[in-house]
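Commentary on secondary and tertiary structure
Letter by letter, the chains look like this.
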Amino acid sequence: MLNRQQRSWSVEQWAAYLKDREIPVLSATRDIFQSLKSQGQDAPEFSPRELVEMVHDDPYLAVKLLIEAERHRSRRLGNETTTQLATILQIGSNELYSMIARSPVVDVDHPGWRAAVATAVMASGIARAWSNFRSDTSPEEISLATLLSETGELLLWHFAPELPTEAIAEFEAGRANRTGLAQLNTAGFTFRQLTLVLSDVWQLPQMISQLIRGVDRPRTHIAQTAIDCARHLTQNPDNPALPSDIGHIAQYIPGVPKEKLISALPLSDEQKACLLAALPQEAE
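Residues numbered from 1 in each chain as written. Predicted model: local features only at pLDDT ≥ 70, side-chain atom pairs only at ≥ 80, totals over all residues. Heavy atoms only, no water.

Considering the packing of helix α11 (residues 162-172) against helix α12 (residues 179-187)
One way to put it is that α11 packs onto α12 with a least axis distance of 8 Å and a crossing angle of 120°. Our classification of the angle between α11 and α12 gives oblique. The element α11 and its partner α12 pack so that their crossing is right-handed. Each of L163, E166, A167, E170 and F171 in α11 lies in contact with α12, whose residues at this interface are T179, A182, Q183, N185, T186 and A187. When grouped by side-chain class, the residues that make up the contact of α11 with α12 number five nonpolar, four polar and two charged. (Axes fitted to C-alpha atoms, helices over the stretch in contact; angles between N-to-C directions. Helix = DSSP H or I, 4+ residues; strand = E, 2+ residues; numbered from the N terminus. Parallel < 35°, antiparallel > 145°, perpendicular 65-115°, else oblique. Left-handed = near helix turned anticlockwise from the far one by under 90°. Contact = heavy atoms within 4.5 Å. Nonpolar A, V, L, I, M, F, W, Y, C, P; charged D, E, K, R; others polar.)

Considerations on the pattern of salt bridges
Evaluation of the coordinates by the stated rule reveals 14 salt bridges. Here E166 makes a salt bridge to R7, at a shortest N to O gap of 2.8 Å. Taken together, the residues span a long stretch of sequence, with E166 in helix α11 and R7 in helix α1 (residues 4-7) at a distance of 159 residues. Taking relative accessible area as the criterion, R7 reaches 41% and is therefore assigned partly exposed. In this structure, D109 and R114 form a salt bridge, with 2.4 Å as the shortest nitrogen-oxygen distance. A relative accessible area of 65% means that D109 is categorised as exposed. (Salt bridge = Lys/Arg side-chain N within 4 Å of Asp/Glu carboxyl O. Buried < 20%, exposed > 50% of the residue type's maximum accessible area, 1.4 Å probe, protein only.)

Quick look at the structure:
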């Protein structure tokens with residue numbers, strides 16, 4: 001329950017409050033690793049790449065790993081950690097198991113929270129696919145930054161669920177025509193602003209921070225458009241905004257057929273065909 005003082009906190013005060021809180025993990029993450037331990041091994045042997053596949057659907061764990069990996073890196077003065085694989089290589093599998101075992105579990109069951117998690121995970125996968133189409137030097141880098149895009153909101157759902165709940169109510173009541181405005185009206189800041197301030201106070205790697213912040217370059221356009229597209233898909237698989245999303249990303253991945261861009265979306269073949277048909281016809 002928020003107290004009167006917290007109700008008036010600025011985005012910087014919330015970031016200071018959240019900075020050193022124990023970040024939780026999803027219950028599904030805990031279940032996966034507990035099932036591994038139940039096989040009789042305290043730390044089952046998996047390759048780092050196999051571990052990446054196990055944890056890539058948990059945006060809470062992603063930011064938790066990145067923060068811890070950067071602490072390890074700063075002691076060793078190595079290169080910045082900018083991918084999920086690099087975070088696991090930095091801390092090691094034993095520390096990963098221990099971290100998950102001692103982490104609290106997110107205790108939220110609200111459609112808005114589920115949509116925020118789904119958006120981050122879906123956007124991460126879309127961004128990875130589009131980056132591969134562009135032959136990016138590190139699609140996993142863009143994927144990780146995209147996965148962290150909803151960090152501010154996701155942490156509020158765990159530590160101060162009243163704020164996102166009230167923002168959703170504000171939007172659904174029609175008192176705000178955009179989710180960002182609804183958040184501004186109820187919390188005094190947007191949850192994206194909180195994500196950006198947290199990336200600064202946590203001192204996340206520069207490249208990841210730039211991708212989250214949306215510095216004007218093709219890679220950040222891929223990340224941001226993937227977030228927009230995932231949000232639209234989460235709201236409605238037949239969302240009328242999707243053709244605009246595809247048209248927008250096509251500008252930053254030239255030479256790739258729109259059918260291929262659409263193939264990155266988690267849609268049925270019939271839905272993909274309908275989306276393609278809804279795109280403006282290119283001049284001969």
